[in-house]
Amino acid sequence: MESPPPATASPGAPTAHPGSIVGILAFAGIVAALTQTLVVPLIAQLPTLFDTSASNASWVITATLLAAAVSTPVAGRLGDMYGKRRMLLVSLVPLILGSVVCALSSSVIPMIAGRGLQGLGMGVVPLGISLLRDVVPTEKLGPSIAIMSASMGVGGALGLPFAAAIAENTSWRVLFWVVAVLALAVGALILALVPADRPATAAAGRFDLPGAIGLGAALIALLLAVSKGADWGWGSATTLALFAAALILLPTWGWWELRLSDPLVDLRVTARPQVLMTNTASVLVGFAMYAQSLVVPQLLQLPEATGYGLGRSMLAMGLWMAPAGLMMMATSPVGAKLSAAKGPKVTLAVGSLLIAAGYGLSVPLIGSGSPWSLLIVTLVCNSGVGFAYGAMPALIMSAVPPSETASANSFNALMRSIGTSFAAAVIGVVLARMTTDFGGIPLASENGFRVAMLIGCGVGLAAAVVAALIPVRTTKTPLQPAAAAPDTPQPSPAKA
């Protein structure tokens, strides 16, 4: 595949140096990721701020999760059809509106609605990664994808201390005004400097509205059951009914998609061994990545009197967690070099092993009484995440035609999100069941935290095994477009 020029499609379109384009798109990813951890410092205060129950307040997080899961594959398909840059800009609109709604909220209902709107903007990262294939020269594509992928970790890590500092020193509403301004700045930079995709990569056909509705309903049923099962009871009628609905809706949706010539998600492409196994590894990596982010903050904040807690404030906890996100960005170019030398399959396997090693280190370090030990754990784990997150889009894009890049990357991002949702449920159950009494208050026990970290280690090892088994096609470059399937005509890539 010849290198695409940094500028595209229409005369007068914006142009910029490839490094600037990558920087702008990574900035977009950081802003999108920022919204996910933005409300963490506020969780304990939300019931008081909005005069509601803790259960109702928890929907402030759940709404974002559900909206992101439903909108990400839709944004990917629309990006393939109408342009990835265009859909990037469209995705920023609900992110901005949602931030404004949250900033102006005086009750929990508009706050939940605003958080749902913010979730609709979570397609920014997979769309940005897919756009790179069209606007960055091939020789720079691997490192660019790695940096863009790492932006999620940077935004998530920086969100905690940023939000905690603002919440402690000024009004919580400032958090959302800042995000709105940052998202506006991202939109202006994309309009001014980021070129559009090449017309030859656009997907033909009509948008599959029934498929979008079916997938959305199935995901809402599944993720609601997983995320709220602990609150409602895993054996409750509501939880069981949602799991049953998901089991019915997902196969029905799959049957519908296979009937169409232009589906929302091309399941024949996702069934290709390289894509299928990469997506399987993505679920496992998403689980392994998220488990430690549930355990380490609790250990940092639990009282020292427990014997294993470190008694740090929310702000201090965020500052101790921040270097891990920055480590993702720092190691992503190393992962890209490994992918160029050995292939992204090797990078994914190495990254998964690093994640497992980080969890393994944590077992003897829990209860050490030093935050430095937990910092080492998060640095090792997130180094592995940086490797893995850069390798997965490379594996996906080398196995799908250019006209399905955004859709395939968005589906891969959805798989990672499903992994994080299951991590929250599983780790939540472990820590809720393995408790100790602390002044009449049940707290997760030291052994509970060790078991949770051992689970993360096991899932990381499983991800490494799956990565090692991915059957990768032999191509001239790891990001060369895959050949079209015999029964699916695809447009040829445009030459520079």
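Residues numbered from 1 in each chain as written. Predicted model: local features only at pLDDT ≥ 70, side-chain atom pairs only at ≥ 80, totals over all residues. Heavy atoms only, no water.

Draft legend 1. Representation of the overall build of the protein in the model. Across its full length, the protein holds 18 helices and two strands. On C-alpha atoms alone, the protein measures out to a radius of gyration of 22 Å, which is about the 23 Å that the 2.2 N^0.38 rule sets for 496 residues. Viewed in the frame of its principal axes, the protein has a C-alpha envelope of about 70 × 45 × 45 Å. Every one of the 496 residues in the protein was classed for burial, and the buried ones make up 55%. Counting contacts in the protein only where the partners sit at least 6 residues apart, residues at least 24 apart contribute 81% of the total. Just so you have it, the protein exposes about 18800 Å², and 69% of that area is on carbon and sulfur atoms. (Helix = DSSP H or I, 4+ residues; strand = E, 2+ residues; numbered from the N terminus. Rg over C-alpha atoms; globule rule 2.2 N^0.38 Å. Buried < 20%, exposed > 50% of the residue type's maximum accessible area, 1.4 Å probe, protein only. Contact = heavy atoms within 4.5 Å. Areas by Shrake-Rupley, 256 points an atom, 1.4 Å probe, with all protein chains shown as cover.)

Draft legend 2. Representation of helix H14 (residues 314-342). With 29 residues, H14 should reach 42 Å at 1.5 Å per residue; the first-to-last C-alpha distance of 41 Å fits that figure. Its axis deflected by about 35° at Thr-331, H14 carries its strongest bend there, up to four residues before the proline Pro-333. (Expected span 1.5 Å × (residues − 1). Bend = angle between axes of the 7 residues up to and from the residue.)

Draft legend 3. View of the pairing of strand E2 (residues 441-444). Where strand E1 (residues 435-438) meets E2, four bridges bridge the pair, whose relative direction is antiparallel. Within the sheet, the bridge partner assigned to Phe-438 lies in E2 and is Ile-441. Here E1 folds back onto E2 in antiparallel fashion, the turn holding two residues, of which Gly-439 has a positive phi close to 60°. (Pairing = 2+ DSSP bridges.)

Draft legend 4. Here's a closer look at the pattern of salt bridges. One pass over the structure, following the stated rule, counts three salt bridges. One salt bridge connects Lys-84 with Asp-134, and the closest N-O pair in it is separated by 3.1 Å. Placement of Lys-84 in helix H5 (residues 84-104) and of Asp-134 in helix H7 (residues 124-135) is noted, with a sequence separation of 50 residues between them. Accessibility classification places Lys-84 together with Asp-134 in one group, the buried group. Here Asp-231 and Lys-228 are joined by a salt bridge, their closest N and O atoms 3.6 Å apart. Of this pair, Asp-231 and Lys-228 both sit in helix H10 (residues 209-232), three residues apart, which is roughly one turn of that helix. Assessed through its relative accessible area of 2%, Lys-228 is described here as buried. (Salt bridge = Lys/Arg side-chain N within 4 Å of Asp/Glu carboxyl O.)

Draft legend 5. Geometry of the packing of H10 against helix H17 (residues 405-433). Between H10 and H17, the shortest axis-to-axis distance is 9 Å and the interhelical angle comes to 25°. As far as their axial angle goes, H17 and H10 are roughly parallel. Contact residues: H10 offers Leu-219, Leu-222, Leu-223 and Val-226, while H17 offers Leu-414, Ile-418, Ser-421, Phe-422 and Ala-425. Class assignment of the residues belonging to the contact of H10 with H17 gives a composition of eight nonpolar, one polar and no charged. (Axes fitted to C-alpha atoms, helices over the stretch in contact; angles between N-to-C directions. Parallel < 35°, antiparallel > 145°, perpendicular 65-115°, else oblique. Nonpolar A, V, L, I, M, F, W, Y, C, P; charged D, E, K, R; others polar.)

Draft legend 6. Region of the structure containing the environment of Val-179. Take Val-179: it is sitting in helix H9 (residues 173-193). We classify Val-179 as buried; its relative accessible area is 0%. Val-179 sits 84 residues away from Leu-95 along the chain, and the two C-alpha atoms are 8.5 Å apart. Excluding anything up to four places from it in sequence, Val-179 contacts Val-31, Leu-34, Thr-35, Leu-38, Ser-99 and Gln-118.

Draft legend 7. Representation of the packing of aromatic side chains in the model. Enumeration over the complete set of coordinates arrives at four aromatic pairs. Among the aromatic residues, those joined into a ring-pair cluster are Phe-50, Trp-172 and Phe-176. The ring of Tyr-389 is capped by Arg-416, whose NZ or CZ atom sits 4.7 Å from the centre of that ring. (Phe/Tyr/Trp six-rings, centres within 6.5 Å; stacked < 30°, edge-to-face > 60°. Lys NZ or Arg CZ within 6 Å of the ring centre and 35° of its normal.)

Draft legend 8. Inspection of H17 at higher detail. The end-to-end C-alpha distance of H17, which contains 29 residues, comes to 42 Å, matching closely the 42 Å that a straight helix rising 1.5 Å per residue would cover. Extensive coverage of H17 is indicated by the burial of 21 of its 29 residues.

Draft legend 9. Fine view of the state of the cysteines. What the rule picks out here adds up to zero disulfides. Residue Cys-381 stays outside any disulfide, its sulfur separated by 8.9 Å from that of Cys-457, the closest cysteine. (Disulfide = S-S within 2.5 Å.)

Draft legend 10. Looking closely at the nonpolar core. If you look at the biggest cluster of nonpolar residues, it comprises 57 residues, and the most contacted ones within it are Leu-25, Leu-88, Leu-132, Ile-190 and Leu-414. If you tally residues by element for this core, the top one is H10, at nine residues. Excluding residues that lie within four positions of it along the chain, Leu-88 makes contacts with Leu-25, Val-124, Leu-127, Gly-128, Leu-131 and Ile-190. In this structure, Ala-291, Leu-299, Met-392 and Val-459 belong to the second largest nonpolar core, which totals 50 residues. (Core = buried A, V, L, I, M, F, W, Y, C linked by side-chain atoms within 4.5 Å.)

Draft legend 11. Molecular detail of the environment of Ala-69. Following the sequence through the fold, Ala-69 ends up in helix H4 (residues 59-82). For Ala-69, a relative accessible area of 3% puts it in the buried group. In sequence terms Ala-69 and Leu-175 are 106 residues apart; their C-alpha atoms lie 23 Å from each other. The residues contacting Ala-69, other than those within four sequence positions of it, are Leu-219, Leu-223 and Leu-414.

Draft legend 12. Examining the confidence of the model for the protein more closely. Mean pLDDT over the protein stands at 85; residues scoring 70 or higher make up 91%. Overall, residues 1-12 carries pLDDT values under 50, and its contacts beyond four positions in sequence, including any with other chains, amount to 37 contacts. The low-confidence segment residues 480-496 (pLDDT under 50) makes 40 contacts with residues lying over four places distant or belonging to another chain. (pLDDT = per-residue confidence, 0-100.)

Draft legend 13. A look at the packing of helix H15 (residues 344-365) against helix H16 (residues 371-397). Remark: H15 packs on H16, axes separated minimally by 7 Å, with the N-to-C direction vectors making an angle of 160°. The angle between the axes of H15 and H16 places the two elements in the roughly antiparallel class. The handedness of the crossing between H15 and H16 comes out as left-handed. Residues that form the contact of H15 with H16 fall into these classes: 20 nonpolar, seven polar and one charged. (Left-handed = near helix turned anticlockwise from the far one by under 90°.)

Draft legend 14. Spotlight on unusual backbone geometry. The backbone of Asp-51 shows a phi angle near 50°, a positive value even though the residue is not glycine. Structurally, Asp-51 is set in the loop between helix H2 (46-49) and helix H3 (54-57). Judged by relative accessible area, which is 74%, Asp-51 ranks as exposed.

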